[in-house]
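Structural features, examined
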Amino acid sequence: MTTIDQTTSRPTQAVIRGVALALIGVAVCVAPLYLDTFWLRTGLTVASAAVGAIGLTILVGTTGQLSFAHPFLMAGAAVTYVTLADNPVNTAHLGLGLPPAAAAVLAIFAAGALGLAASPLASRLSGIYLGIATLSLVFIGQHILENWTAASGGFFGRPVPPMSLFGLSLADSPTPPVLLGVPLQREELLWYLSAAVIVVAWIAGRNVVHSRVGRSLAAVRDSEVLAATNGVNVRSAKRGAYIASSMFAGAAGVLFALTTGSVAPETFNLGLAISFLAMVVVGGLGSVAGACMGAAFIAGLPLLLQEFSDQLPLIVQTGEAGGMQASTATSYLAGALIVLCMLFEPRGLVGLATRGRSLATRALRRTRILTSRATHN
Amino acid sequence: MSHLTSLLLNGLSTGAVYALIALGLVLIYKCSQVVSFTHGTLVLLGAYLVGTMDDASGFIVALLIAVPVAAGFAGSINLTLLSRRAGAPPVSLAILTIGIDLVVLSVLTQQLGSNVLNISHPWGETRWDLGVASMSANRGIALLMVAAVAVSLYLIFTRSPWGLAMRAVSEDTEAAALMGLSRTTITTLSWATAGALACIAGMFMAGPPTPGVTTTVAVVALRAFPALIIGGLDSLRGAIVGGLLIGVAESLAAGYQHELQFMGSGFAEIVPFLLMLGVLVARPSGLFGSREMTRV
Amino acid sequence: MNAQLRAEQVTVSFGAVKALDDVSISVSPGGIHAVIGPNGAGKSTLFNVLSGVYPVTSGTVVFADLDVTKSRPHKLVRAGLARTYQNIVLGHVTVEEAILLGRHHLTRAGFLRCALRTPGARAEAKAARQSVHHLAEMLGLADSLHRIATELPYGDQKRVELARALAAEPEVLLLDEPVAGMNGHEKDEMTELLATIHARGDTTMVLVEHDMRMVLSLATHCTVLDFGRVIADGSPAYVASHPEVLRAYLGSAHAPREVTP
Ligand SMILES: Nc1ncnc2c1ncn2[C@@H]1O[C@H](COP(=O)(O)OP(=O)(O)OP(=O)(O)O)[C@@H](O)[C@H]1O
Ligand SMILES: [Mg+2]
């Protein structure tokens, strides 16, 4: 969980990290001013996936509980948000007309409540049994959404009312706010919202993983007996991990709804559950940074392949013959990467990065030694 | 009355197919503590193999080739991938099988496209008239097949040397080593057996009354998981009981869908999963599964 | 006054095997109670019963007014019970994190406070860390705190387990073969360490050990198990000369002996 790099001193590391964070921060802030809509949309999709993946990596990676429930929880939150925020006068569906910000917060809690409702399973079953049990949540969730059309909009879904914060509606408008001469429309505004949510999710996720609670979850993963005989209430630890992970899924669901602008039951299928697993495995189980990297890769790739299909060999547009569709290609890659990670690098992309870094520092040290020898001679 | 009888009969015959799949899952789990999420796709693979070959070579030859090929494929998955990580946490191994599944399923999706591949079973669309009710010959034969498989697995496990070794492995590795069989050999054999069962199940599943081979087969095969869990992960008897139970429940829900209208359309498809949740809440290790030794 | 740990007429069956057969044991507070016996005698099973991990087939177990057979293990920890394992269980964590786990029941912060890193949670974590460093110092693990626990030499891993159990500040400490697999020198060190810990605090210790030398030098009381039954119970010297004990050990072709895992 923690690796100590003895080759660089701690203050230097802190400085490097600070500078890197500042650079990333600036890049994130100015990016929407220069990127076109396609890249912004890709970024938004990745962001919502990353928030969900952080939650899942705490459950699967840190606590060792397999779960397919993420689409179910995301759908729950998305539908709750839409239903609470939609204006009852204008919509053909159920709507309560709450302020969108309040609806979003309530939606996240709704996902947590769904997690709590499932917790008799989560707390009593371990690892693999839980995984198979949650398989059923995906199917049951889809069934409910398909049939409860007043809330979900049925097969075609329903439009998502825009988020609105401090009187600013995050939607396209004829008189948009302007930043450095660039008008901030829906995608730009959502970009900043997503960035803020990711930062919160990241910090909360990391804090949990590296805390007393995170240690107890890791103990549950390593051995339930070990955890219990060290004073950990195993059932409530698993329940807690499940609820926390559900709330991350809820936030992801709300972001997802806002980004796509419409929720359709079909989206929240088993394939999505498997994509999330792929994200956390490819990124590196139990690592918050890894979850984000995995999300970028698994959620971003199909969009990129799709967009650039005419320039790429093998890949074709949806509906075309004679090649592979972007989604199939992504499945191939995701599957192959999962296999490779589980066989060779269980710490995933994060593990590769660590290896790369230690190789680099070793090389650096070697050149330093060589140069100092050279100067001595 | 005859409506109910025919629902029960059809349920049992569908359940028989689930039971075949679940039996394979139990075999794998008993020997290697792996829950194989690749299995739905292996079922599809089996159906696909039979479906592509039977036009040229006839059904029987196609089946005689497809079963060993599927068995070999499943065995080689274990030999080349899973056995390298023997003893890893069950969750990691399950995730590994998800990865394998994605790759194999992508290949099959790519091959199948949006076509429906038909298997020309020699029994075709024949229906058996059993007086009180009738059922498709395809499913009737599946039911007989499960009975045969159950009996032979029982004999293998209690009589044959490798069956005994398999039991030894699932209980104690050292004992099996003493019998001169490596753990890898045993687990690979169990995967191969499961692959063969999946192939047979796929062949039945892609026949009447359902349409031919499409990727849906892999999704429907997932209903073997409720069967597996209801019976208990490590119980062969449980897999059969669980499979039949699921099949009957699903068939009843479909047969009485008008009465169950308030549960929404397509309710029958989620009945297996609801049943599984119910059983899990009441008995976390299923009907026949062995209980956890420790309490925490 | 320390918490009392007592088992009465405990039987534990695994299918046809009776791992414990009508076993009664009473651990007197403040002492060092050794449990010895040949391989498969049921010593570890007894520990698993005492720490609430195994259910009993019949019998009663009481720890500090708690009915052990009805309490889940974490409750017993809160009441002052800690243990180590015969087969080391550490998990993929650093030594510091492994030992910190022992302080779980002495700290409080839950999900929300940990996610927000509230001042209270931080102060608590800092205090826990300090006491862990202190323990590590005492057990000679200070230099390994940031290494992955399972990558340490065997003897050090055993000490990490001991440190984790001690971090819980138990009143009763169950030690399942604390020196198994160690060389003579390491054994002496560990024996001395246990004696020091015992002398310093008033921790009651229950100890499974094959090494008779260690038992004789440390224990104040000794219970001998064979085939799941108590065959002798009394002072170490009395037990060591008990004819049934000698027969049990000779019968299983081992005199009281040293054991490698
Ligand atoms: N979980 C279990 N399931 C089945 N049998 C068990 C289990 N735990 C212990 N046993 C059996 O109970 C008996 C006692 O085992 P136990 O581990 O308690 O012995 P022990 O005295 O600790 O031996 P050792 O000196 O080898 O550690 C053995 O026959 C063992 O096989
Ligand atoms: Mg023992």
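All values reported here derive from a predicted model rather than from experimental measurement. (Residues numbered from 1 in each chain as written. Chains lettered and ligands numbered in written order. Predicted model: local features only at pLDDT ≥ 70, side-chain atom pairs only at ≥ 80, totals over all residues. Heavy atoms only, no water.)

In terms of helices and strands, chain C carries 10 helices and 10 strands. Taking 2.2 N^0.38 as the reference for a compact globule, 261 residues should give roughly 18 Å; the C-alpha atoms of chain C span a radius of gyration of 19 Å, in line with that estimate. Projected onto the principal axes, the alpha-carbon positions of chain C cover approximately 60 × 40 × 35 Å. Counting every position in chain C, which comprises 261 residues, the buried fraction comes to 56%. Of the contacts made within chain C by residues no fewer than 6 positions apart, 68% connect residues no fewer than 24 positions apart. Accessible surface for chain C amounts to roughly 11100 Å². Of this, 53% is attributable to carbon and sulfur atoms. Each charge sign in chain C was given a centre, from 25 positive and 28 negative side chains, and these centres are 7 Å apart. (Helix = DSSP H or I, 4+ residues; strand = E, 2+ residues; numbered from the N terminus. Rg over C-alpha atoms; globule rule 2.2 N^0.38 Å. Buried < 20%, exposed > 50% of the residue type's maximum accessible area, 1.4 Å probe, protein only. Contact = heavy atoms within 4.5 Å. Areas by Shrake-Rupley, 256 points an atom, 1.4 Å probe, with all protein chains shown as cover. Lys, Arg positive; Asp, Glu negative; His and termini not counted. Charge placed at Lys NZ, Arg CZ, Asp CG, Glu CD.)

Turning our attention to the domain arrangement of chain C. Residue and element names in this part refer to chain C. The domains assigned to chain C are domain 1 (1-80 + 170-261) and domain 2 (90-167). For domain 1 and domain 2, the distance between their C-alpha centres works out to 26 Å. Taken together, the 19 residues of domain 1 in the interface contact 10 residues of domain 2. Linking domain 1 with domain 2 are 1 salt bridge. The salt bridge involving Arg159 is made with Glu189; its shortest N-O contact spans 3.7 Å. For the interface between domain 1 and domain 2, the tally reads 2 residue pairs in polar contact (both at pLDDT 80 or more). Listed by contribution, the elements that provide at least two residues to the side of domain 1 that touches domain 2 are helix H2 (73-78), strand S7 (172-176) and helix H7 (184-200). (Domains from an automatic or database assignment. Salt bridge = Lys/Arg side-chain N within 4 Å of Asp/Glu carboxyl O. Polar contact = N/O pair within 3.5 Å; in protein donor to acceptor, adjacent residues only side chain to side chain.)

All names here are of chain C. Distances from the magnesium ion (ligand 2) to its protein donors, Ser44 (OG) and Gln86 (OE1), fall at 1.9 to 2.0 Å. Of this pair, Ser44 sits in helix H1 (residues 43-50) while Gln86 sits in the loop between strand S6 (81-83) and helix H3 (95-102), placing them 42 residues apart in sequence. Ser44 sits in the partly exposed class, given a relative accessible area of 22%. (Donors = N, O, S within 2.8 Å, 3.2 Å for Na, K, Ca; no water.)

This next bit is on the domain arrangement of chain A. Residues and elements named next belong to chain A. Here chain A is partitioned into domain 1 (1-34) and domain 2 (35-269). Each of domain 1 and domain 2 was reduced to a C-alpha centroid, and the two centroids are 27 Å apart. If you look at the interface, domain 1 gives 7 residues, while domain 2 gives 15 residues. Together domain 1 and domain 2 conceal approximately 910 Å² of surface at their shared face, both sides included; 70% is due to carbon and sulfur atoms. There are 0 salt bridges connecting domain 1 and domain 2. (Buried area = accessible area lost by both parts, 1.4 Å probe.)

Residues and elements named next belong to chain B. Note that Arg223 resides in the loop between helix H9 (216-221) and helix H10 (224-231). A polar contact of 3.3 Å, which involves the side chain of Arg223, links it to the side chain of Tyr18. Discounting chain neighbours no more than four positions away, the residues touching Arg223 are Tyr18, Ile246, Glu250, Glu269, Pro272 and Phe273.

Turning our attention to the nonpolar core. Counting residues in hydrophobic clusters, the biggest one holds 239 residues, and the most contacted among them are Phe68(A), Tyr81(A) and Phe37(B). For this core, the element with the most residues is helix H1 (residues 2-32) of chain B, which contributes 14 residues. Those residues in contact with Phe37(B), other than ones at most four positions away along the chain, are Leu66(A), Phe68(A), Ile132(A), Leu135(A), Ala94(B), Thr97(B), Ile98(B), Asp101(B) and Phe225(B). Listed in part, the 36 residues of the second largest apolar core include Leu141(C), Leu145(C), Val160(C) and Ile197(C). (Core = buried A, V, L, I, M, F, W, Y, C linked by side-chain atoms within 4.5 Å.)

Turning our eyes to something else, we now look at unusual backbone geometry. Although it is not a glycine, Gln33(B) sits at a positive phi angle of roughly 55°. Judged by its relative accessible area of 30%, Gln33(B) falls in the partly exposed class. The phi dihedral of Asp65(C) is positive, around 70°, even though this residue is not glycine. Note that Asp65(C) resides in the loop between strand S4 (58-63) and strand S5 (66-67).

All names here are of chain C. Residue position: Asp211 is located in the loop between strand S8 (204-208) and helix H8 (212-218). Residue classification places Asp211 among the buried residues on the basis of a relative accessible area of 4%. Engagement of the side chain of Asp211 in a polar contact is seen with the side chain of Lys187, the distance being 3.3 Å.

All names here are of chain B. Structurally, the position occupied by Ser2 is in helix H1. Note: C-alpha distance between Ser2 and Ile65 (63 residues apart in sequence) is 40 Å. The contact partners of Ser2, leaving out residues within four places of it in the chain, are Val132 and Ala133.

Right, let's get into the pattern of salt bridges. Per the counting criterion, the structure on display carries 19 salt bridges over all chains. A salt bridge links Asp21(C) to Lys18(C); the nearest nitrogen and oxygen atoms lie 4.0 Å apart. Residue Glu169(C) pairs with Arg103(C) through a salt bridge whose shortest N-O separation is 3.2 Å. A residue pair is termed long-range when its members are at least 10 positions apart, and Glu169(C) in the loop between helix H6 (154-167) and S7 and Arg103(C) in the loop between H3 and helix H4 (111-116) qualify at 66 residues. When salt bridges with common partners are traced through the structure, they connect Arg41(A), Arg186(A) and Glu187(A) into a single cluster.

Right, let's get into the state of the cysteines. In the structure shown here, the tally under the stated rule is 0 disulfides over all chains. You can see Cys29(A) has no disulfide; the closest cysteine sulfur is in Cys292(A), sitting 17 Å from it. The thiol of Cys114(C) is unpaired, and the distance to the nearest cysteine sulfur, on Cys292(A), comes to 20 Å. (Disulfide = S-S within 2.5 Å.)

Once that is clear, we can look at the site of ligand 1. Asn39(C), Lys43(C), Ser44(C), Thr45(C) and Gln86(C) are the nearest of the 16 residues found near ligand 1. Residues lining ligand 1 come from chains B and C. At a separation of 2.7 Å, an oxygen atom of ligand 1 approaches a polar side-chain atom of Asn39(C). The side chain of Tyr54(C) places a nitrogen or oxygen atom 3.0 Å from a nitrogen atom of ligand 1. (Near = heavy atom within 4 Å.)

A few words now on the interface of chain A and chain B. Between chain A and chain B, the residue contacts involve 44 residues of the former and 44 residues of the latter. Roughly 3700 Å² of surface becomes buried between chain A and chain B when both sides are summed, with 79% attributable to carbon and sulfur atoms. Across the chain A-chain B interface, the total number found is 0 salt bridges. Across the contact surface, chain A and chain B share 6 residue pairs in polar contact (both at pLDDT 80 or more). Elements with a contribution of two residues or more to the side of chain A that touches chain B: helix H5 (119-124), helix H6 (127-147), helix H10 (224-228), helix H11 (234-260), helix H12 (270-283) and helix H14 (326-344) of chain A.

Another aspect to go through is the interface of chain C and chain B. Chain C puts 11 residues into the contact, and the matching count from chain B is 4 residues. At the boundary of chain C with chain B, total buried surface from both sides reaches about 610 Å², with 57% on carbon and sulfur atoms. At the junction of chain C and chain B, the tally comes to 0 salt bridges. Run the count over chain C and chain B and you get 6 residue pairs in polar contact (both at pLDDT 80 or more). In terms of residue class, the side of chain C that touches chain B is built from 6 nonpolar, 3 polar and 2 charged. (Nonpolar A, V, L, I, M, F, W, Y, C, P; charged D, E, K, R; others polar.)

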